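Residue-level listing of the chains:
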Amino acid sequence: MVAHLLKLKATLLRNGFRRSPWQLVGVVLGGLYGLSVVALLCAGLFYLGGTDPAFAGTVLVLAASAAVLGWALIPVLATGVDLTLDPARFTTFTVKPWELVAGLLLSGFIGVPGAVTLLLFAGQALAWRQAPAAAVLAVPCGVLAAVLCLALARLTTTAASALTASRRFRDVAGVLLIVPLVMLGPVLTLVSEGFGDAMAWLPRVAAGLGWTPLGSFAAVPADVAAGAWGTAAARFALSLAYLAAVVVLWKRALEQALETPPQGPRGGRATGGLGPFARFPATPWGAVAARCLVYWRRDPRYAVAIIMVPLLPVMMWIGSTQTGSTAILLWLGPIVAILLAFSISADVSYDSTAFALHATSGVRGVHDRLGRVVACAVFALPAVLAAAVLPPVLLGEVRLLPGVVGLSLGALAAGFGVASVASARFTYAVPQPGDSPFKNPPGAGMRMVVVQLATMSVMGLLLLPPAGLLVAQLVTGNAAFGWAGLGVGPVLGAVLLAAGLRLGGRWFDARVPELMQATVLNK
Amino acid sequence: MTMPPATPPTTPPAASPSAPAIAIRGLGKRFADKVAVNGISLDVPAGSFYGLVGPNGAGKTTALSMATGLLRPDAGQVWVHGTDVWTDPLAAKALMGVLADGVRLFDRLTGRQLVTYAGLLRGMDRDTVAARAGDLLRVLGLEDAAGKLVVDYSAGMTKKIALATALIHAPRVLVLDEPFEAVDPVSAANIREILADYVAHGGTVVVSSHVMDLVQRMCSHVAVIAGGNLLAAGTVDGVRDGRSLEDRFVELVGGRSSTEGLSWLHTS
């Protein structure tokens, strides 16, 4: 039965390739990437084998703990466990529970993340090449730890499924996940500065983790290498107990889930009024603006752009503490402006096939374009003004204020113009409504990158005049350049916005059926 | 039974009182190497309740998409009350209410917001939209769910709210692709009553469906499509020719296979 399940998973994977060659390309690329990660880290493990065993043990326990924790948390928050073999589909077959558990668990290794984890965990043996007994023991410990990872992922996702079945939870979790992702780099630079002290307390952390489910398997070879056979035996027994406990708990949760299938999301909270629809003008463009504003609030794919706005200054500030120059913060305004304007450049793709309502209603292109710009401008305008005004004021560079504000406003308006044209012409596959904002559809890559790069470059090129004036003021110190920028930026932006709305509107009118079919194909 | 001419005329049918609600001439579409719709010509008389039936993959949705301006045809023309859908799309779309099959809705809006949105997109004024949205939600039994997000609706409720968005601007022609799919019997009866009343007061309805029995009871006219070709069209009584519509349909479309091969399924 277990072999059956493994074969089923492999067959499903193979048939997926037949349906879409791009999926094969994706898996091959993912596999190559995975292999390179394995090769790189194995080289690291080999190198680690040449260092002090105590140091190697600390590093391995910390790294393994991070990996196990990742397996426990990431599927719940972001990706969901790979449901190629969804347990719910086996309810009508008579599969013995333990066989189902073993089959589902081991099938996790057929796939890039599972395989990479298995190889790396077993590869810990390389780090113990100077202590043969530890090296031999590291292999079974690594394999069991990899099984623990998969079992933990299953346990946490099953246990959290009641929670994650709620749309609101998935929306919020999906968006909040971007915070650690974005901040990882800057925080690492901060941490690495304090790395010298870290070597004082990290070994103690590792010693503690070595007795928890996260790091216990990885700590066993270290005990053996240190000659502490008694400790090693105790720790190994404890690790096996952890693994058994996780598997048993998961089996119990699985049985419960299979016997009482989730009821599906219970009806969301009722909201009474019309919201923004009552506040915008009762015109087609007003309706589009109101609808988009609702989506900015309720659709996590849009929320990602919003949450970036407060994160940007933090990242730039951390960056500036590294270089010692705060000048980069002066560019916050234009950067936020382009970021927010760019965020409506895939609007029709984000509508997905719901765009049919616009297509059958005969909305005029210019109204559709204008509504989307107005909705974004409602919060983008204050955000950009704040991002433009605060840094020069706080840094005591008030003389730069006119140029920065001019460039920022110009960037926002010009960006809206470019985005209005781009979203009427260049659609690409984006995450579908309701999907995680980070789930890019397979095969989307190339077209998306080209369109986004082209859109961004055009925005940048069009902004050269006001940007040049700001640079001129920075170089010469002549305030006249800044005041000129305050005039040139908004005027240029307004002209480009009007032109973008007209051109985008005309292209939209001519291409409604093609846009509609593009959303159908992107499904 | 009025079979349209085989060669498409180049001039639109005059907008006379007797002009068809929808006139289709030589409509064709091919996807890669597969012909989805093979030069269909069809007249939908004004004031008729027109059923469009055919097996899965017959080209019903493709034909309706081209008739409503969602999919650009490779060949042929479509007029709605004398207005060419593909040369004057805005005017033609103003005459039509469309329920497309297999498309999403803006489902992060509440039911009331979605219906309001559809009305405002059509350029209607706020008070009319509010009044009609209230009426539609009440008649379709969605009043209690009006404040809930459409994403939390059941399949049947979703179908009904989509129908409301197609009705809000009081179109002269309704084109409904599979309007009864996943709808419970009581709601289906309500919808049928609304549509019958709409037709009785001068409106024209085109529905596609798999359910022959429903079409036979509900529709005045029917067209049978299979493999992208129009096999028969006309009044329901004319097409079924004394038999049940289902028997006539199976005879026209063919492809019935004998069940004799499953003798092992007989449990006694």
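Residues numbered from 1 in each chain as written. Chains lettered and ligands numbered in written order. Predicted model: local features only at pLDDT ≥ 70, side-chain atom pairs only at ≥ 80, totals over all residues. Heavy atoms only, no water.

What to know about the overall build of chain A
Link 1 in the chain: Along its length, chain A carries 22 helices and zero strands.
Link 2 in the chain: Expressed as a percentage of its 523 residues, the buried residues of chain A come to 46%.
Link 3 in the chain: If you take every contact in chain A between residues at least 6 apart in sequence, the share linking residues at least 24 apart comes to 79%.
Link 4 in the chain: Element-wise, carbon and sulfur atoms account for 73% of the exposed surface of chain A, whose accessible area totals about 24300 Å². (Helix = DSSP H or I, 4+ residues; strand = E, 2+ residues; numbered from the N terminus. Buried < 20%, exposed > 50% of the residue type's maximum accessible area, 1.4 Å probe, protein only. Contact = heavy atoms within 4.5 Å. Areas by Shrake-Rupley, 256 points an atom, 1.4 Å probe, with all protein chains shown as cover.)

Re the overall build of chain B
Link 1 in the chain: The helix and strand inventory of chain B stands at nine helices and 10 strands.
Link 2 in the chain: Taken against the 2.2 N^0.38 rule, which gives 18 Å for 268 residues, the C-alpha radius of gyration of chain B at 19 Å falls within 12% of a compact globule.
Link 3 in the chain: Per-residue burial for chain B yields a buried fraction of 53% across its 268 residues.
Link 4 in the chain: Considering only contacts within chain B whose residues lie at least 6 apart along the sequence, 65% involve residues at least 24 apart.
Link 5 in the chain: Surface summary for chain B: the accessible area is close to 11700 Å², and the carbon and sulfur share equals 53%.
Link 6 in the chain: In chain B, which carries 24 positive and 26 negative side-chain charges, the distance between the mean positions of the two groups comes to 4 Å. (Rg over C-alpha atoms; globule rule 2.2 N^0.38 Å. Lys, Arg positive; Asp, Glu negative; His and termini not counted. Charge placed at Lys NZ, Arg CZ, Asp CG, Glu CD.)

Quick word on the pattern of salt bridges
Link 1 in the chain: Inspection of the entire model under this criterion finds 17 salt bridges over all chains.
Link 2 in the chain: With a closest N to O distance of 3.3 Å, Glu397 of chain A and Arg399 of chain A form a salt bridge.
Link 3 in the chain: Looking at Glu397 of chain A, the relative accessible area reads 25%, which means it is partly exposed.
Link 4 in the chain: The exposure class assigned to Arg399 of chain A is partly exposed, which follows from its relative accessible area of 45%.
Link 5 in the chain: Residue Glu181 of chain B is joined to Lys159 of chain B by a salt bridge in which the shortest nitrogen-to-oxygen separation is 3.9 Å. Here Lys159 of chain B lies in helix 5 (residues 155–167) and Glu181 of chain B lies in the loop between strand 7 (173–177) and helix 6 (185–200), a separation of 22 residues in the sequence.
Link 6 in the chain: Glu181 of chain B gets classed as partly exposed once you look at its relative accessible area, which sits at 40%.
Link 7 in the chain: Residues joined in a network through salt bridges with shared partners are Arg291, Asp347, Asp351, Asp368, Arg369 and Arg372 of chain A. (Salt bridge = Lys/Arg side-chain N within 4 Å of Asp/Glu carboxyl O.)

Some thoughts on the interface of chain B and chain A
Link 1 in the chain: Taken together, the 35 residues of chain B in the interface contact 51 residues of chain A.
Link 2 in the chain: When chain B packs against chain A, close to 3800 Å² is buried across both sides, 59% of that on carbon and sulfur atoms.
Link 3 in the chain: Counting the contacts that link chain B with chain A gives one salt bridge.
Link 4 in the chain: Residues Glu514 of chain A and Arg72 of chain B are paired through a salt bridge, measuring 2.6 Å at the closest nitrogen-oxygen approach.
Link 5 in the chain: Between chain B and chain A we count 15 residue pairs in polar contact (both at pLDDT 80 or more) in total.
Link 6 in the chain: At the level of secondary structure, the elements contributing two or more residues to the side of chain B that touches chain A comprise helix 2 (89–95) and helix 3 (111–121) of chain B.
Link 7 in the chain: Per element, the largest residue contribution to the side of chain B that touches chain A is eight residues, and it comes from helix 3 of chain B.
Link 8 in the chain: Grouping the constituent residues of the side of chain B that touches chain A by class yields 17 nonpolar, eight polar and 10 charged. (Buried area = accessible area lost by both parts, 1.4 Å probe. Polar contact = N/O pair within 3.5 Å; in protein donor to acceptor, adjacent residues only side chain to side chain. Nonpolar A, V, L, I, M, F, W, Y, C, P; charged D, E, K, R; others polar.)

Brief notes about the pairing of strand 10 (residues 229–235) of chain B
All names here are of chain B.
Link 1 in the chain: In the sheet, strand 9 (residues 221–226) pairs with strand 10 via six bridges, with the strands oriented antiparallel. Opposite Ala223, over in strand 10, you have Ala233 as the bridge partner.
Link 2 in the chain: Linkage of strand 9 to strand 10, two consecutive antiparallel strands, is achieved through a turn of two residues, within which Gly227 is found at a positive phi near 60°. (Pairing = 2+ DSSP bridges.)

A closer look at a nonpolar patch on the surface
All names here are of chain A.
Link 1 in the chain: Together, Leu24, Val25, Val28, Leu29, Leu32, Leu35 and Leu119 give the surface a local cluster of nonpolar side chains, amounting to about 620 Å² of exposed area.
Link 2 in the chain: The greatest single-element share of the nonpolar patch, amounting to six residues, is contributed by helix 2 (residues 21–48).
Link 3 in the chain: Within the element layout of this structure, Leu24 appears in helix 2. (Patch = residues over 30% accessible without salt bridge, like charges linked within 9 Å, V, L, I, M, F, W, Y side chains within 5 Å.)

Things to note about the packing of aromatic side chains
Link 1 in the chain: Using the criterion set out here, one finds eight aromatic pairs over all chains in the structure.
Link 2 in the chain: A ring pair is formed by Phe355 of chain A and Phe508 of chain A, whose centres lie 5.7 Å apart and whose planes are at 85°; its orientation type is edge-to-face. Taken together, the residues Phe355 of chain A in the loop between helix 16 (347–351) and helix 17 (356–361) and Phe508 of chain A in helix 22 (residues 479–521) connect sequence positions 153 residues apart. No difference in accessibility class separates Phe355 of chain A from Phe508 of chain A, as the two residues are buried.
Link 3 in the chain: Ring geometry for Phe106 of chain B against Tyr117 of chain B: centres 5.7 Å apart, planes inclined by 80°, an arrangement best described as edge-to-face. (Phe/Tyr/Trp six-rings, centres within 6.5 Å; stacked < 30°, edge-to-face > 60°.)

Some details on helix 21 (residues 464–476) of chain A
Note that an α-helix has 3.6 residues per turn; residues three or four places apart therefore point the same way.
Residues and elements named next belong to chain A.
Link 1 in the chain: Given a rise of 1.5 Å per residue, 13 residues ought to cover 18 Å, and the 18 Å separating the end C-alpha atoms of helix 21 matches this to within 8%.
Link 2 in the chain: Of the residues making up helix 21, those classed as buried are Pro466, Ala467, Leu469, Leu470, Ala472 and Gln473.
Link 3 in the chain: Looking one or two residues beyond helix 21, the residue adopting positive phi is Gly477, at roughly 80°. (Expected span 1.5 Å × (residues − 1).)

Examining the confidence of the model for chain A
Link 1 in the chain: Looking at chain A as a whole, the pLDDT averages 82, with 83% of positions reaching at least 70.
Link 2 in the chain: Segment residues 263–270 of chain A is flagged for pLDDT under 50; beyond a separation of four residues in sequence, or across chains, it makes nine contacts in the model. (pLDDT = per-residue confidence, 0-100.)

Let's talk about the packing of helix 13 (residues 284–298) of chain A against helix 18 (residues 365–394) of chain A
All names here are of chain A.
Link 1 in the chain: It is the contact of helix 13 with helix 18, at a shortest axis distance of 7 Å, that shows an interaxial angle of 45°. For the element pair helix 13 / helix 18, the angle class is oblique. You can see that helix 13 and helix 18 cross each other, and the crossing is right-handed. Contacts between helix 13 and helix 18 involve Pro284, Trp285, Val288, Ala289, Arg291, Cys292, Leu293 and Trp296 from the first element and His367, Asp368, Leu370, Gly371, Arg372, Val374, Ala375, Cys376, Val378 and Phe379 from the second.
Link 2 in the chain: The class makeup of the residues in the contact of helix 13 with helix 18 is 13 nonpolar, two polar and three charged. (Axes fitted to C-alpha atoms, helices over the stretch in contact; angles between N-to-C directions. Parallel < 35°, antiparallel > 145°, perpendicular 65-115°, else oblique. Left-handed = near helix turned anticlockwise from the far one by under 90°.)

Brief notes about the side chain of Ser423 of chain A
Residues and elements named next belong to chain A.
Link 1 in the chain: Secondary-structure assignment places Ser423 in helix 19 (residues 401–425).
Link 2 in the chain: Residue Ser423 is classed as buried on the basis of its relative accessible area, which comes to 2%.
Link 3 in the chain: Within the structure, the side chain of Ser423 is placed 2.3 Å from the side chain of Arg369, a separation counted as a polar contact.
Link 4 in the chain: Residue contacts for Ser423: discarding those within four places in its chain leaves Ile344, Ser345, Ala346, Asp347, Val348, Arg369 and Leu515.

Here's the deal with the sheet that holds strand 6 (residues 96–99) of chain B
Residue and element names in this part refer to chain B.
Link 1 in the chain: With mixed pairing, the six strands of this open sheet are ordered in space as 6-7-8-3-9-10. The open sheet is flanked by strand 6 and strand 10, the only strands paired with a single partner. Looking at each pair of strands side by side, their axes are set apart by 15° on average, direction ignored.
Link 2 in the chain: Each of strand 6 and strand 7 touches helix 5; the most contacted strand, strand 6, lies at about 165° to it.
Link 3 in the chain: The sheet contacts of helix 9 (residues 245–253) involve strand 3 (49–53), strand 9 and strand 10, and relative to strand 9 the element is tilted by about 30°.

Section: the sheet that holds strand 4 (residues 75–80) of chain B
All names here are of chain B.
Link 1 in the chain: Strand order in the open sheet formed by four strands is 2-1-4-5, with antiparallel pairing between adjacent strands. Each edge of the open sheet is held by one strand with a lone partner, namely strand 2 (34–44) and strand 5 (83–84).
Link 2 in the chain: Note: strand 1 (residues 22–31) against strand 2, seven bridges, orientation antiparallel. Note that in strand 2 the partner of Ile24 across the bridge is Leu42.
Link 3 in the chain: Where helix 1 (residues 60–67) meets the sheet, its contacts fall on strand 1, strand 2 and strand 4, and the angle it forms with strand 1 comes to roughly 120°.

Describing unusual backbone geometry
All names here are of chain B.
Link 1 in the chain: Even without being glycine, Ala32 reaches a positive phi, approximately 50°.
Link 2 in the chain: Topologically, Ala32 is positioned in the loop between strand 1 and strand 2.
Link 3 in the chain: Here the phi dihedral of His81 falls at roughly 50°; this positive angle occurs in a residue that is not glycine.
Link 4 in the chain: Among the secondary structure elements, His81 is positioned in the loop between strand 4 and strand 5.

Some thoughts on the nonpolar core
Link 1 in the chain: Counting residues in each nonpolar core, the largest one holds 105 residues, and the members touching the most others are Phe416 of chain A together with Tyr117, Ile161 and Val205 of chain B.
Link 2 in the chain: The biggest single contributor to this core is helix 13 of chain A, with nine residues.
Link 3 in the chain: Counting 43 residues, the second largest nonpolar core, distinct from the first, contains Val68, Leu105, Ala146 and Val224 of chain A. (Core = buried A, V, L, I, M, F, W, Y, C linked by side-chain atoms within 4.5 Å.)

A word on helix 15 (residues 332–342) of chain A
Link 1 in the chain: Within helix 15 of chain A, nine of the 11 residues are buried, which leaves it mostly tucked inside the rest of the structure.
Link 2 in the chain: Burial in helix 15 of chain A covers these residues: Leu332, Gly333, Pro334, Val336, Ala337, Ile338, Leu340, Ala341 and Phe342 of chain A.

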